[in-house]
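# Chain and residue survey
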Amino acid sequence: MDLRNLPTISALSDAVTICEFQGIKIVRVIHQLAEAGISLHGGHLIWYKPAGEKDVIWLSEKAEFDTAKAIRGGVPVCWPWFGKVATPSHGFARNSQWTLNQHRENEQGVIVSLTLEDTEATRAIWPNKFHNEITFEIGRELTVSLTSTNTDKHSWSFTGALHTYFNVAAIGDIAVTGMGEAYLDSTKGNEACTGGNTLTFNAETDRVYTSPANPVVIDDKAHQRQLLVTNQGHDAAVIWNPWQALSVSMGDMADNSFETMVCVESAIHEQAIELAPGESHTLSTQITVQK
Ligand code: TA6
């Protein structure tokens, strides 16, 4: 699938066009400093490539573009819960249809924002009114910010994540550092561990870093770059690679595609955020390529 060269349905400005793939609208950004694509299904960034750079974001070659499912890769928006604590896994936001709200551009880049509000369908599985706005600042750096506002008459609480999949040359050759020492190991029944501040990969890895520091650095020597990930509004950094057996079991990942990806996530995991009526919270991740 060549998503980047789909025919234009409408041109919104010099840098922003709309295209469509299997009934899913994609906001396509082409600017002198960077290119990006954002699916309205899921409010989901599916590519980001600064000019002159390799892709920063990984998208599965077997990703399914189906409004009933989440897209494998990119930056899934896990909200209003993280993980399998309820159905659907990682919340409904990544399976929902978002609305294009605003776009603007200047010589520094392009800003695109989308919104998602409660509907009868969302209230049937999570009985709260909300307004979510996700903003993508696309330029030499990428910043993704999710602001959640309580538009209900009662308080509610939520967890979630910006579950970013990064493109790496070879998982066995990268190191991830800077996320703090303490973590819960999800591959060992959430065992509490320390000494995790430098992570290399040779097996399935699924860790929740509970005292997350900034920035988390993905050192990718073969790509001759470091990816710096600076998170805000979070209380955990989740690091995930499924390795081979799990990839083989997943219909939307090629068997060996785990070799070129790693997730570094800005997560609300340890302590749910409680919002009173009218209150807002912003969860964000900023990604910088350093040579
Ligand atoms: O963030 C890590 C994780 O929660 C893993 O446990 C793994 O299941 C992954 O996310 C992907 O989840 P998904 O529901 O997208 O298959």
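Quick caveat: nothing in here was measured; it's all calculated off a predicted structure.

## Describing the overall build of the chain
Helix and strand content of the chain: two helices and 22 strands. Against the globule reference of 19 Å for 291 residues, the chain gives a C-alpha radius of gyration of 18 Å, in line with a compact fold. Seen through its principal axes, the chain has C-alpha atoms that stretch 45 × 45 × 35 Å. Taking all 291 residues of the chain together, 54% fall into the buried category. Of the contacts made within the chain by residues no fewer than 6 positions apart, 61% connect residues no fewer than 24 positions apart. Total accessible area on the chain is roughly 12200 Å²; 46% of this is exposed by carbon and sulfur atoms. Distance between charge centres in the chain, computed from 20 positive and 34 negative side chains, equals 3 Å.

## What to know about the site of the ligand
Around the ligand sit Arg72, Phe82, Lys84, Ser89, His90, Arg94, His163, Asp206, Val238, Trp240 and Glu265, and that is every residue in its neighbourhood. Contact between the ligand and histidine 90: an oxygen atom at 3.1 Å from a side-chain N or O atom of the residue. When the ligand sits alone it has 390 Å² of accessible area, and the protein chains cover 81% of it. Given that more than half its atoms are within 2 Å of the pocket grid, the ligand belongs to the largest pocket. Here the residues of the shell around the ligand are counted per class, giving three nonpolar, three polar and five charged.

## Looking at the packing of aromatic side chains
Evaluated as defined, the whole model comprises 16 aromatic pairs. Ring centres of tryptophan 79 and phenylalanine 130 lie 4.8 Å apart, and the angle between their planes is 55°; on these two criteria the pair is classed as tilted. Of this pair, tryptophan 79 sits in the loop between strand S6 (77-78) and strand S7 (99-106) while phenylalanine 130 sits in strand S9 (residues 130-139); the two residues are 51 residues apart in sequence, bridging distant segments of the chain. Residue classification places tryptophan 79 among the buried positions, given a relative accessible area of 1%. Exposure remark for phenylalanine 130: the relative accessible area of 1% places this residue in the buried category. For the pair tryptophan 81 and phenylalanine 92, a centre-to-centre distance of 6.1 Å together with 85° between the ring planes defines the contact as edge-to-face.

## Focus: the nonpolar core
Counting 67 residues, the largest nonpolar core has Trp79, Ile218 and Ile239 as the members making the most contacts within it. In terms of residue count, the dominant contributor to this core is strand S21 (residues 261-275) (six residues). Apart from the residues lying within four places of it in its own chain, the contact partners of isoleucine 218 are Phe166, Val168, Ile174, Ala175, Val176, Arg225, Gln226, Leu227, Val229, Val262 and Val264. Counting 11 residues, the second-largest nonpolar core is a separate cluster that includes Ile24, Ile46, Ala63 and Ile71.

## Examining the environment of threonine 260
Mapped onto the fold, threonine 260 is located in the loop between helix H2 (243-249) and S21. Note on threonine 260: relative accessible area 28%, which makes it partly exposed. Once you skip the residues sitting within four places of it in the chain, threonine 260 turns out to touch Trp58, Phe166, Asn167, Val168 and Ala169. Polar contacts involving the side chain of threonine 260 include one to the side chain of tryptophan 58, which spans 3.1 Å.

## Quick look at the sheet that holds S7
With respect to topology, nine strands assemble into an open sheet ordered S7-S8-S9-S10-S22-S19-S18-S13-S16, the strand pairing being antiparallel. The two strands at the open ends of the sheet, each matched to only one other strand, are S7 and strand S16 (198-199). Looking at chain direction, strand S13 (residues 175-177) and strand S18 (residues 216-220) are connected through three bridges and run antiparallel. The residue of S18 that forms the bridge with alanine 175 is aspartate 219.

How each quantity is defined
All residue numbers refer to positions counted from 1 along the written sequence of the respective chain. Side-chain atom pairs in this predicted model are given and counted only at pLDDT of 80 or more, local residue features only at pLDDT of at least 70, and totals for whole chains, interfaces and linings cover all residues. Side-chain numbers come from the whole structure's heavy atoms, not from hydrogens or water. Secondary structure counts use DSSP, requiring at least four H or I residues in a row for a helix and at least two E residues in a row for a strand, with both numbered from the N terminus. Here the globule rule reads 2.2 Å times residues to the power 0.38, and the radius of gyration is calculated from C-alpha atoms. A simple rule labels every residue: compare its accessible area, found with a 1.4 Å probe on the protein chains alone, to the largest value its type can have, and call it buried under 20%, exposed over 50%, or partly exposed in between. The contact criterion used throughout is that any non-hydrogen atoms of two residues lie within 4.5 Å. Residue burial considers only the protein chains on display, and all accessible areas are found by Shrake-Rupley using a 1.4 Å probe. Charged residues are defined narrowly, with Lys and Arg counted positive, Asp and Glu counted negative, and His plus the chain ends left uncounted. One atom stands in for each charge, and that atom is NZ of Lys, CZ of Arg, CG of Asp or CD of Glu. Proximity is defined per residue: any heavy atom of the residue falling within 4 Å of a molecule or strand makes that residue near it. Any N or O atom pair separated by 3.5 Å or less is treated as a polar contact, with the protein-specific requirement of one donor-capable and one acceptor-capable atom, and with residues adjacent in sequence counted only for side-chain atom pairs. Using protein atoms alone on a 1 Å grid, points that fit a 1.4 Å probe yet trap it form a cavity, whereas open point sets bounded by protein on both sides within 12 Å along at least five of seven lines form a pocket; residues with an atom within 4 Å of a point count as lining. By definition, a pocket or cavity contains a molecule when more than half of the molecule's atoms lie within 2 Å of the pocket's grid points. Ten residue types, Ala, Val, Leu, Ile, Met, Phe, Trp, Tyr, Cys and Pro, are classed as nonpolar, four, Asp, Glu, Lys and Arg, as charged, and the remainder, Gly among them, as polar. Pairs were defined over the aromatic rings of Phe, Tyr and Trp, the Trp ring being its six-membered one, requiring ring centres within 6.5 Å. Orientation was assigned from the angle between planes: stacked under 30 degrees, edge-to-face over 60, tilted for the rest. Residues belong to one nonpolar core when they are buried, are Ala, Val, Leu, Ile, Met, Phe, Trp, Tyr or Cys, and are joined through side-chain atoms within 4.5 Å. Paired strands, in this sense, are two strands between which DSSP finds at least two bridges.

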